[in-house]
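# Understanding the architecture of this molecule
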Amino acid sequence: MLVLVINCGSSSAKYQLFDADRKVSLAKGVIERIGQYGSSCSDHHAAMKIIVDRLTDKKTGVISGAAEISGVGHRVVHGGEEFKESTLITKKVIASIEKYSALAPLHNPPSLSGIKACAAILKGVPQVAVFDTSFHQTMPEAAFLYGLPLEYYRKYALRKYGFHGTSHRFVAEEAARRLGKPKSQLKLITCHLGNGCSMTAVDGGRSVDTSMGFTPLEGLIMGTRSGDLDPAAVLILLEKEGSSTSAINDLLNKKSGLLGISGVSNDMRDIFKVAKGKGPKTRRCKLAIEMFVYRIKKYVGAYMAAMGGLDAVVFTAGISENNPWLVDRIKKDLAPCLPVGTKFIVVPTNEELLRARDTFNIIKRKRGR
Ligand code: AMP
């Protein structure tokens, strides 16, 4: 069964075609600058057409016709509290994704555009939504509620949702396979350290806590996001800097984290380069690395306590997969205070494969009905 996996952003659409029975990728690519000035691709509908044309091109394509595609799996960032797992897309599901655009205004609308474009271009082909938030829907109330008056949870759905769920689920399952134990018997801490960074406590295969929150801003120090912060600091910034809420939003999401501390870059590669030298920014870069590492270690301790034990710390995404020093450093610092035999493993993430797998399973179930 051929499954097309789509990840629509505001100005891009990534795609990958899988032979889902054999779990192999047949083709992948990205359409960029969607809807931007001077671009030949005006919207997500046009982008989807380009993708299908590329896949079916007589000379360079990998399939002879769009009819060979049996299902489409879409990345959808926010599924609120409603979607606890991936789901077949119906009119009702589309209405819900629209509703949760209020919680993810930059992410859900482009996914919806992609879903509607696929429905028009690949008529009758079943589509599946795979949510970034659904893996974390197993968190208990004690972990997902904030210490605010409870009416704000009811009024505004203000709570921790967590993100990167597809990646945390994929690497937790892969780690269990490598450790040779069923996931139901494992206590894992998964660390997704890439452009965005988050950690999850996975107890018996279920997310019981995660570092990102109502938005992806909470938790670890990231490339340009601050991570955890006393909310009173935001009030001071608003007052003293005379900034608007949108300027503060920009500051916390785009100018903070590794970039703000180092004064050099949001990219760990650049920060390591400067930290190794003797330039005017060397101290700041060393500090950025220390703060990044310190917060990860702090979360490991917290999540081990939350789960009452630990079998393995699992690292994934760009920073973990390419920087052995960082993983070794965390391992060296933490090993003496973790249970004897705690493993540290690096598992490359593959969110697209998981989306293809979910899509395949849901369509197979639908056909069997
Ligand atoms: P991802 O979001 O998983 O694509 O990861 C992207 C991030 O990986 C970049 O922002 C870099 O900071 C980081 N990265 C990639 N290669 C390296 C490396 N060799 N050392 C440290 N960080 C790296």
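This text gives an overview of the structure that appears in the document. Predicted, not measured: the structure shown is a model, and the values here were computed from it.

### Examining the overall build of the protein
Secondary structure summary: the protein contains 14 helices and 11 strands in total. A compact globule built from 369 residues would reach a C-alpha radius of gyration of about 21 Å, and the protein, at 21 Å, matches this within 12%. Considered along the principal axes of its C-alpha atoms, the protein spans approximately 55 × 50 × 50 Å. Relative to its 369 residues, the protein shows a buried fraction of 48%. Carbon together with sulfur atoms contributes 54% to the accessible area of the protein, which is approximately 18,000 Å² in total. Computed over 53 positive and 34 negative side-chain charges, the separation of the two mean positions in the protein equals 2 Å.

### Examining the sheet that holds strand E11 (residues 343-346)
Pairing is mixed in the open sheet, where five strands are placed in the order E9-E8-E7-E10-E11. Every other strand in the sheet has two partners, leaving strand E9 (206-210) and E11 as the edge strands with one partner each. Geometrically, the sheet is characterised by an average inter-axis angle of 25° between neighbouring strands, direction not taken into account. Bridge analysis of strand E10 (residues 312-316) against E11 gives four bridges, and the strand direction is parallel. Counterpart to Val313 in the pairing with E11 is Phe344. Its contacts with the sheet place helix H6 (residues 165-179) against strand E7 (187-193), strand E8 (197-203), E10 and E11, and it is angled at close to 130° to E7.

### Quick word on the pattern of salt bridges
The full count for this structure, using the stated rule, is 19 salt bridges. The partner of Glu98 in a salt bridge is Lys116, with the nearest N and O atoms 2.9 Å apart. In this pair, Glu98 is assigned in helix H2 (residues 91-99) and Lys116 in helix H3 (residues 108-121), connecting sequence segments 18 residues apart. Relative accessible area serves as the criterion here: at 39%, Glu98 is assigned to the partly exposed category. The salt bridge involving Arg355 is made with Glu351; its shortest N-O contact spans 3.1 Å. Of the two residues, Arg355 and Glu351 both sit in helix H14 (residues 351-368), four residues apart, roughly one turn of that helix. The pair Arg355 / Glu351 is uniform in exposure class, with both members buried. What emerges from the salt-bridge pattern is a single network uniting Glu290, Lys297, Arg329 and Asp333.

### Observations concerning the site of the ligand
What surrounds the ligand is the set Gly194, Asn195, Asp267, Met268, Arg269, Ala317, Gly318, Ile319, Asn322 and Asn323. One nitrogen or oxygen atom from the main chain of Asn195 is found 2.8 Å from an oxygen atom belonging to the ligand. A distance of 3.3 Å is found between a nitrogen atom of the ligand and a backbone nitrogen or oxygen belonging to Asn322. Protein burial of the ligand: of its 500 Å² of free accessible surface, 73% is covered by the chains. Of all the elements in the fold, those that place two or more residues in the shell around the ligand are helix H10 (268-276) and helix H12 (317-322). Per element, the largest residue contribution to the shell around the ligand is four residues, and it comes from H12. Split into classes, the residues belonging to the shell around the ligand amount to three nonpolar, five polar and two charged.

### Regarding a nonpolar patch on the surface
On the surface, a nonpolar cluster with roughly 300 Å² of combined accessible area is contributed by Leu148, Tyr152 and Tyr156. Note on Tyr156: relative accessible area 47%, which makes it partly exposed.

### A short note on the sheet that holds strand E2 (residues 13-19)
Each strand in a sheet pairs with its neighbour through backbone hydrogen bonds, running either in the same direction (parallel) or in the opposite one (antiparallel). Ordered in space as E3-E2-E1-E4-E6-E5, the six strands form an open sheet in which the pairing is mixed. Strands with a single pairing partner mark the edges of an open sheet, and in this sheet they are strand E3 (24-31) and strand E5 (87-88). Where E2 meets E3, seven bridges bridge the pair, whose relative direction is antiparallel. Of the residues in E3, the one forming a bridge with Gln16 is Lys28. Lying over the sheet, H3 contacts strand E1 (2-8), strand E4 (69-76) and strand E6 (127-131), oriented at roughly 165° with respect to E4.

### Observations regarding the side chain of Ser207
Looking at the element boundaries, Ser207 is found in strand E9. With relative accessibility at 0%, the residue Ser207 sits in the buried group. Within the structure, Ser207 has its side chain in polar contact with the side chain of His136 (distance 2.9 Å). Those residues in contact with Ser207, other than ones at most four positions away along the chain, are Phe135, His136, Thr138, Met139, Thr200, Ala201 and Val202.

Procedures and definitions
- Residues numbered from 1 in each chain as written.
- Predicted model: local features only at pLDDT ≥ 70, side-chain atom pairs only at ≥ 80, totals over all residues.
- Heavy atoms only, no water.
- Helix = DSSP H or I, 4+ residues; strand = E, 2+ residues; numbered from the N terminus.
- Rg over C-alpha atoms; globule rule 2.2 N^0.38 Å.
- Buried < 20%, exposed > 50% of the residue type's maximum accessible area, 1.4 Å probe, protein only.
- Areas by Shrake-Rupley, 256 points an atom, 1.4 Å probe, with all protein chains shown as cover.
- Lys, Arg positive; Asp, Glu negative; His and termini not counted.
- Charge placed at Lys NZ, Arg CZ, Asp CG, Glu CD.
- Pairing = 2+ DSSP bridges.
- Axes fitted to C-alpha atoms, helices over the stretch in contact; angles between N-to-C directions.
- Contact = heavy atoms within 4.5 Å.
- Salt bridge = Lys/Arg side-chain N within 4 Å of Asp/Glu carboxyl O.
- Near = heavy atom within 4 Å.
- Polar contact = N/O pair within 3.5 Å; in protein donor to acceptor, adjacent residues only side chain to side chain.
- Nonpolar A, V, L, I, M, F, W, Y, C, P; charged D, E, K, R; others polar.
- Patch = residues over 30% accessible without salt bridge, like charges linked within 9 Å, V, L, I, M, F, W, Y side chains within 5 Å.

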